[in-house]
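Chains, contacts and geometry: an overview
Below, each chain spelled out in residue letters.
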Amino acid sequence: TLLLASSAACAEIGSVVDLTGTAIIKRAKETITVTKGTVIETNDKVETKNGVVNIKFKDNTTVKVTENSALVIDDFVYDPKSKSGSKLAVKVALGTVRYASGQIAKSNPQNVAVTTPTATIGVRGTDFTATVDEVGASTIILLPSCPEGYINKITFDIEKDCKTGQIIVETDVGQVILNQPFQATKVTSRNAPPPKPVLLKLTEDAISNILILSPPPQLSKDEKSEKKGIEMRSALDVDFLKENGLTNALDEQQKNVFQDKLSQNALENSFLVDMWSILG
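The following refers to the structure shown.

Each value, and the rule that gives it
Residues numbered from 1 in each chain as written. Predicted model: local features only at pLDDT ≥ 70, side-chain atom pairs only at ≥ 80, totals over all residues. Heavy atoms only, no water. Helix = DSSP H or I, 4+ residues; strand = E, 2+ residues; numbered from the N terminus. Buried < 20%, exposed > 50% of the residue type's maximum accessible area, 1.4 Å probe, protein only. Contact = heavy atoms within 4.5 Å. Areas by Shrake-Rupley, 256 points an atom, 1.4 Å probe, with all protein chains shown as cover. Pairing = 2+ DSSP bridges. Polar contact = N/O pair within 3.5 Å; in protein donor to acceptor, adjacent residues only side chain to side chain. Core = buried A, V, L, I, M, F, W, Y, C linked by side-chain atoms within 4.5 Å. Salt bridge = Lys/Arg side-chain N within 4 Å of Asp/Glu carboxyl O. Phe/Tyr/Trp six-rings, centres within 6.5 Å; stacked < 30°, edge-to-face > 60°.

The next thing to look at is the overall build of the protein. Scanning the protein from terminus to terminus reveals 6 helices and 19 strands. Every one of the 280 residues in the protein was classed for burial, and the buried ones make up 48%. Long-range pairs, those at least 24 residues apart, make up 53% of the contacts in the protein with a sequence separation of at least 6. For the protein, the computed accessible surface area is about 13,700 Å², with 50% contributed by carbon and sulfur atoms.

For the rest of this paragraph, the subject is the pairing of strand S9 (residues 87–100). The pairing of strand S7 (residues 62–65) with S9 spans 4 bridges and is antiparallel. Bridging across to S9, Val63 finds its partner in Tyr99. Bridging between strand S8 (residues 70–77) and S9 involves 7 bridges; their strand directions are antiparallel. Paired with Ile73 across the two strands is Val90, which belongs to S9. Taken together, the 4 bridges between S9 and strand S10 (residues 112–115) define a ladder with parallel strand orientation. In the sheet register, Val90 faces S10, and the bridge partner there is Val114. In this sheet, strand S12 (residues 127–132) lies alongside S9 in antiparallel orientation, the contact comprising 6 bridges. Within S12, the residue paired with Val97 across the bridge is Ala130.

Here we come to the pairing of strand S13 (residues 138–143). When you tally the buried positions in S13, you get 6 out of 6 residues, the bulk of the element. Burial along S13 is two-sided: the face carrying Ser138, Ile140 and Leu142 and the face carrying Thr139, Ile141 and Leu143 are both buried. Here 6 bridges tie S12 to S13, and the two strands are oriented antiparallel to one another. For Thr131, the partnering residue across the bridge sits in S13 and is Thr139.

Now for unusual backbone geometry. Both trends apply: most residues other than glycine have a negative phi, and most peptide bonds are in trans. Residue Asn60 is not a glycine yet carries a positive backbone phi of 75 degrees. Residue placement: Asn60 occurs in the loop between strand S6 (52–57) and S7. Its relative accessible area of 46% is what places Asn60 among the partly exposed residues. At Phe182, a position not held by glycine, the phi torsion is positive, near 75 degrees. Summarising the element assignment, Phe182 is placed in the loop between strand S15 (175–178) and strand S16 (183–187).

Let us look at the side chain of Thr118. With respect to the secondary-structure elements, Thr118 resides in the loop between S10 and strand S11 (120–124). A polar contact is formed between the side chain of Thr118 and the backbone oxygen of Gly136, at a distance of 3.0 Å. Engagement of the side chain of Thr118 in a polar contact is seen with the backbone oxygen of Val187, the distance being 3.1 Å. Discounting residues that sit within four places of it in the chain, Thr118 has contacts with Gly136, Ala137, Ser138, Thr171, Val187, Thr188, Ser189 and Arg190.

To continue, consider the nonpolar core. In terms of nonpolar packing, the biggest core is built from 38 residues, with Leu71, Tyr99 and Phe128 touching the most fellow members. It is S9 that contributes the most residues to this core, 5 residues altogether. Once residues within four sequence positions are removed from consideration, Tyr99 is found in contact with Thr61, Thr62, Val63, Leu88, Ala105, Val112, Val114, Val123, Thr126, Asp127 and Phe128. Formed by 5 residues, the second largest nonpolar core is a distinct cluster that contains Ile141, Leu143, Ala184 and Leu200.

Moving on, we get to the pattern of salt bridges. The full count for this structure, using the stated rule, is 8 salt bridges. Ionic pairing is found between Arg27 and Asp44, a salt bridge with its closest N-O pair at 2.7 Å. In this pair, Arg27 sits in strand S2 (residues 23–27) while Asp44 sits in the loop between strand S4 (39–41) and strand S5 (45–48), placing the two residues 17 residues apart along the sequence. For Arg27, a relative accessible area of 15% corresponds to the buried category.

Within this structure, the stated rule accounts for 2 aromatic pairs. Here the aromatic rings of Tyr99 and Phe128 are separated by 5.2 Å at their centres, their planes lie at 25 degrees, and the arrangement is stacked. On the criterion of sequence distance, the pair formed by Tyr99 in strand S9 and Phe128 in strand S12 is long-range, its members being 29 residues apart.

Before going further, it helps to examine the environment of Phe128. Phe128 gets classed as buried once you look at its relative accessible area, which sits at 1%. In the structure, Phe128 is positioned 39 residues away from Ile167 in sequence and 8.3 Å away in space, judged by C-alpha atoms. The contact partners of Phe128, leaving out residues within four places of it in the chain, are Val97, Arg98, Tyr99, Val114, Ile121, Val123, Ile140, Ile141, Leu142, Leu143 and Ile167.

So, in structure tokens, the structure goes:
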């Protein structure tokens, strides 16, 4: 009995600290319905439906898995007494995931890797979002790390009150460094270098409330200036860019109508059609 209890304790690497909607965990041959407090183990695959799952790992790394997304926990080892012995590896298979660094990234960043089908993200103690569409293209946005409950997220306040680390976005043939708040890059293939990052003049509130189905056109090196448009969906059916009175590259794009997240399953969208209709 003691041996079994010890094995179970060792298997737990984190837990679900918050949940809205519906989500499941695929663990070996089991399918587990997620509830608040559900234990997370290595090799778990977290799949959300209309749910949002917040996971906290033993080293205080937090990962938010949004609707219609999939995250695989490839590896996690945490020993507070051994920096070199700790490591974390997760894979964003589909949808949007927000990552916030914990102790492993702060003490031994080279041992943290977040992967997508087209990129590997090296973390240097910071926050970011990764969005993967159904053909594997990955949009990565670097976010500032702000105090808990932080509200005044205009550019000046972010620079004054928040910290921004850096991430390295890498493919098989090149890499780029993101080190400014709201820098972003879109990677479509591991066989091509990542495009040069662009700066999105968005607040964190806007990014947090927008699920990007088709990444901003300026992230594509194949963009044609005469082609305008961006398709987004908002949890509250609100045009956040308009509400915040932002004037930036995204404002120059033709706005499509926002759709309610719960009224349409993101997996039913053709990301490939949406993308190429924008890029021409």
